[in-house]
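Survey of secondary and tertiary structure
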Amino acid sequence: VSLTKSPPAMPQLYIVANRLPVTLTLGEGEITAVPSSGGLVSAMKGVGNEYGTPTWIGWPGTGVPSERHQECRDQLPENYIPVFLTKEEVEHFYTGYSNSSLWPILHSMSTYARIKSCWLETYKMINKRFADMVVASTGEGDMVWVHDYHLFLVPQLVKEARPDLKVAFFLHTPFPPVEIWRILPSADQLIRGALGSDLIGFHTQNYQRQFRSCVQRLLGLETTLRWVNVTTSLGMGHRAHMETFPIGANVADLHSAMQGDEFQQYLSAYTKQFEGKALVLSVERLDYSKGLPQRLKSIHQYLHNARAELKRLEEEDPNSRPPAIPEKHGVWSRLTKRFFGKPEKPVWSAENTVFLFITIPSRLDVDEYRAIEEEVHKQMSITNGEFSTPFNVPLVYIHRAVSPPELVALYSRADMCLVTPLVDGMNLVAKEYVACKDPDNRNSVPGTVVLSTFAGAAAEMFDALLVNPYDYDEVAEAIREGLELTMEKRQQLTTKMREFLCANDAVAWANKFLGTLNTVTPPTDVLPRSGGVPPLAPAVAGRLAAGSPGVKAVVLNLDDTLQEAEAAGEVLPEVVDLLSRLAGREDLYVMLISGRTQQFLHQYLGHIPMALAAEHGYKVKYRGQAEWHLLDPLVTTEWIDDVRPMMQMYRDFIPGSTLEEKESAIVFQYGQCDADSGESDFAYYRGRELAHALLQSVASLPVRVTHARFLVECASSNVDKGCVVSDLLRRETFSDFFVVGDDVADEPMFQRAPPGAATVKVGVSPTIARYRVSCPAELREFLELVLSMKEEGQETPRTVRLLEALNHRQQGGESFQTAYGGEGHSRGASMKKSTSKSDPAQADPLDFLGESEERE
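Rules used in this analysis
Residues numbered from 1 in each chain as written. Predicted model: local features only at pLDDT ≥ 70, side-chain atom pairs only at ≥ 80, totals over all residues. Heavy atoms only, no water. Pairing = 2+ DSSP bridges. Helix = DSSP H or I, 4+ residues; strand = E, 2+ residues; numbered from the N terminus. Axes fitted to C-alpha atoms, helices over the stretch in contact; angles between N-to-C directions. Contact = heavy atoms within 4.5 Å. Salt bridge = Lys/Arg side-chain N within 4 Å of Asp/Glu carboxyl O. Phe/Tyr/Trp six-rings, centres within 6.5 Å; stacked < 30°, edge-to-face > 60°. Lys NZ or Arg CZ within 6 Å of the ring centre and 35° of its normal. Core = buried A, V, L, I, M, F, W, Y, C linked by side-chain atoms within 4.5 Å. Buried < 20%, exposed > 50% of the residue type's maximum accessible area, 1.4 Å probe, protein only. Expected span 1.5 Å × (residues − 1). Polar contact = N/O pair within 3.5 Å; in protein donor to acceptor, adjacent residues only side chain to side chain. Parallel < 35°, antiparallel > 145°, perpendicular 65-115°, else oblique. Nonpolar A, V, L, I, M, F, W, Y, C, P; charged D, E, K, R; others polar.

**Focus on the sheet that holds strand β13 (residues 395-398)**
If you walk across this open sheet you meet the six strands as β13-β12-β11-β14-β15-β16, and the pairing is parallel. Strand pairing shows two members of the sheet lacking a second neighbour, β13 and β16 (465-467), which therefore form its edges. If you compare each strand with its neighbour and ignore which way they point, the axes differ by 20° on average. Two elements, strand β14 (residues 416-419) and strand β15 (residues 448-452), share four bridges in a ladder whose sense is parallel. Considered in β15, the bridge of Cys417 is made with Val449. On top of the sheet, helix α13 (residues 367-387) reaches β12 (353-360) and β13; it is set at about 150° to β13, its chief contact.

**What about the pattern of salt bridges?**
Summed over all chains, the structure comprises 36 salt bridges. Across the pair Asp132 and Lys128 runs a salt bridge whose closest N-O atoms are separated by 2.9 Å. On the criterion of helical spacing, the pair formed by Asp132 and Lys128 is a turn pair, its members being four residues apart in helix α4 (residues 117-137). Asp652 is the salt-bridge partner of Arg651, the closest N and O atoms lying 2.8 Å from each other. One connected set of salt bridges, linked through shared partners, spans Glu309, Arg312 and Glu316.

**Quick notes on unusual backbone geometry**
We note that Asp148 has phi near 80°; this positive angle belongs to a residue other than glycine. Mapped onto the elements of the fold, Asp148 is located in the loop between β6 (143-147) and α5 (154-161). Phi is positive for Glu615, close to 50°, though the residue is something other than glycine. The residue Glu615 is located in the loop between β20 (611-614) and β21 (619-621) in this model.

**What to know about the packing of aromatic side chains**
Considering all chains together, one arrives at 27 aromatic pairs under this definition. Ring geometry for Tyr266 and Tyr270: centres 6.1 Å apart, planes at 15°, overall stacked. One end of the pair, Tyr266, and the other, Tyr270, are both in helix α10 (residues 261-273), four residues apart, so they sit about a helical turn from each other. Cluster of aromatic residues (ring-pair linked, three or more members): Phe152, Phe169, Phe175, Trp181, Phe202 and Phe211. The ring of Trp227 has Arg239 sitting right over it, with the charged end atom 4.5 Å from the ring centre. One cation-aromatic arrangement involves Arg596 over Phe600; the distance from NZ or CZ to the ring centre is 4.6 Å.

**Description of the nonpolar core**
Side chains of nonpolar character tend, in soluble globular proteins, to be buried together. Counting 88 residues, the largest nonpolar core has Leu102, Phe152, Trp181, Leu195 and Phe211 as its most contacted members. One finds Tyr270, Ile358, Ala457 and Ala464 within the second-largest nonpolar core, a separate group that totals 75 residues.

**A short note on helix α8 (residues 205-219)**
Given 3.6 residues to a turn, an α-helix orients residues that are three or four positions apart in the same direction. The terminal C-alpha atoms of α8, which comprises 15 residues, lie 21 Å apart, in line with the 21 Å expected from a rise of 1.5 Å per residue. Among the 15 residues of α8, eleven are classified as buried, and the element is accordingly described as predominantly covered. Of all the residues in α8, the buried ones are Tyr207, Gln208, Gln210, Phe211, Arg212, Ser213, Cys214, Val215, Gln216, Arg217 and Leu219. Phi for Gly220, located one or two positions after α8, is positive at around 70°.

**Considering the sheet that holds strand β24 (residues 665-669)**
Each strand in a sheet pairs with its neighbour through backbone hydrogen bonds, running either in the same direction (parallel) or in the opposite one (antiparallel). On the basis of which strands lie adjacent, the open sheet formed by four strands has the order β23-β24-β26-β25 and antiparallel pairing. Edge positions in the sheet fall to β23 (658-661) and β25 (703-708), since each of these pairs with one other strand and no more. Taking each pair of neighbouring strands and ignoring which way they run, the sheet shows an average axis angle of 15°. Pairing of β23 with β24 involves four bridges; the strand directions are antiparallel. In the sheet register, Glu660 faces β24, and the bridge partner there is Val667. Together, β23, β24 and β26 (711-716) form the strand contacts of helix α22 (residues 640-653), whose direction differs from that of β24 by roughly 10°.

**Quick notes on the environment of Tyr149**
Within the secondary structure, Tyr149 sits in the loop between β6 and α5. In this structure Tyr149 comes out as buried when scored by relative accessible area, which is 1%. Polar contacts involving the side chain of Tyr149 include one to the side chain of His150, which spans 3.4 Å.

**Looking at the packing of helix α11 (residues 292-316) against α13**
For the pair α11 and α13, the least separation of the axes is 9 Å and the interaxial angle reads 10°. With respect to α13, the axis of α11 lies roughly parallel. Across the interface between the two elements, Leu292, Pro293, Leu296, Lys297, His300, Leu303, His304 and Arg307 from α11 touch Ile372, Glu375, Val376, Gln379, Met380, Ile382, Thr383, Glu386 and Phe387 from α13. When grouped by side-chain class, the residues that make up the contact of α11 with α13 number nine nonpolar, four polar and four charged.

Below, the structure written as structure tokens:
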């Protein structure tokens, strides 16, 4: 069944998640669909009208034989598109890789992780199945929002197939430090998968920072605090935006559940049931990340401390025992203070305190979860056995889900909510508890929240009692402190948090995320093969063929253009050989314009009959010249003495960094800092700090400050590569012009190139170049193709092999088997000493370069 549709009048929103909002149940003769509730479903109900009714793509919750697929589709709403899995696929994809490999790693609990290669292969296959369904279902320009760790690979697969789509990814779990994430054999693939998104969302800044660290240290990609420049496997490029979106509680659903008679009945029953007692509530899935065994040990410690306190007080005054009647909004406290001269301070002990646990069964087909369940049952038995009395059992355990009216009634009555996960992406229980504390309901008891600092919610719940869940004494003391707060103080703290959390609920979260997605994907941010900056066309190779008339200029950069950055200490032998063969052709005028020094270029390339420009054009030696000379004799370098002390200070402060001093520039480099120890991350931020400090200190000097990949450079503002191109065009006449570069410093070359020139960008950052290649290896293959061509359009056996290699590298884009007379082939008149800019509309290349320090 084809799901492809024509483009809608407005972009359609697609929600791609592991599960559909329904669960199908297969009977002998019928299929039933049971709606499921959840935070994401409720949030999508409240999004703005501009997104219409979302279409859901996901698994229907059960294994379905292929012969019943259509029958299942017929039972689903029109906006629900199922992705079917077999029972074995569910075992490998969901139970296996998603929950036994990814889940523990994401929660920094690697000892629980199990890794099997068959699980990973199934995970990749299912992600591809989801992506194919998205590609088949969406129209041009639609919005695709992918959710959670089950589908890490989907954004990249979708983006490569459909670069016109706006793709977003939200991770609902924590993200671990790189030292833990790299335990996964597929760590880099999963990161790349998520980077196919235009927008990536996290619950907290910490998770975002740790994801960004993985991008830098595992993939080596350029990043800022919020952006990543990405190259896909097909050579396409775009910028992925990272942002923090803390999800909120489903306040509307909670308040709706509090309006009915059922809620009032439950609340009245619980008010009577727990009269004279303190109720401490815990609501969790039965999961090792929730810290239930540690929480039970903290409660055990609290009950032990309370019993010791009661014993101490009885020893001090055998006839006096602290009252065990809870305050009623401060009335009892005021009466005792009036008649006895001091306020009541009850001791909440095993005799008058109930810890109610609602634990929802979870993933009991996983061994680790069954072990946690057994440990919880054992610890509860120990505590109840030691502290129970005929009048009270301190621990009450409900091992099932409860209805919404019953749950909100318990939230309303509870004196405290105990939320102490070992690690949690957000934890909405704490937010739900506060949202249910309605001050207008007389039976609603003001309460406090004891919250783990390792829960994402801790960043927003500023008036909660924050604790370390591993410190049993600290948790026990927080329970005592929270229960002893007066009703007035509880009400004061809860009211402040409630106002904030109700304003930032799940609907506000969804609208904020989608609103951001709409603003981070302008057309210039997407650079697909079919639009934006196209791949280097075969027509250009034909233009440079030996049989083409006239002398053709070939102007190249070295590092990150002809060769990879890892070879920075030398010029690779294959690059030397390639340049020698290019320069050996009489019809090619080859010039290398590099940031390297005169001595370096002379050592490796001085024997080749080609033009050289050192230090971005400070010194040049044209073809046929014996000596180097200054391109601009008026350039001054006295300012180096002014900036050297500051750059030396940063060099001495950052292990592994170096300072290189040239004749016209001074460069702070930190590419060799140790990534594993975190020094590279530290150096990056210090590099930004240095760049900003230098910009302020050299404001009145003729100096240009550049913060590029792994370096901060101070150079003369009167020296740039564009000046070299202009000078070359004044000296020589060319029938065609071919110029290649990779970063900000190379954009002036593209700007000064003559009209019709073939300007080529290596990499994915924004550019004014006409063409793009993904990496130095692809450029070298292209130049080999040029060398193999005797006549324009003529194919030799070697040419055919090179065309096939390039076509394979650029699969999915324009084929290099295309006739050479394609786009950009027409050269027109000879380019005689022209210094005009290539396109008036693109006059300033730096307008396209948002990461230039000069523009920040």
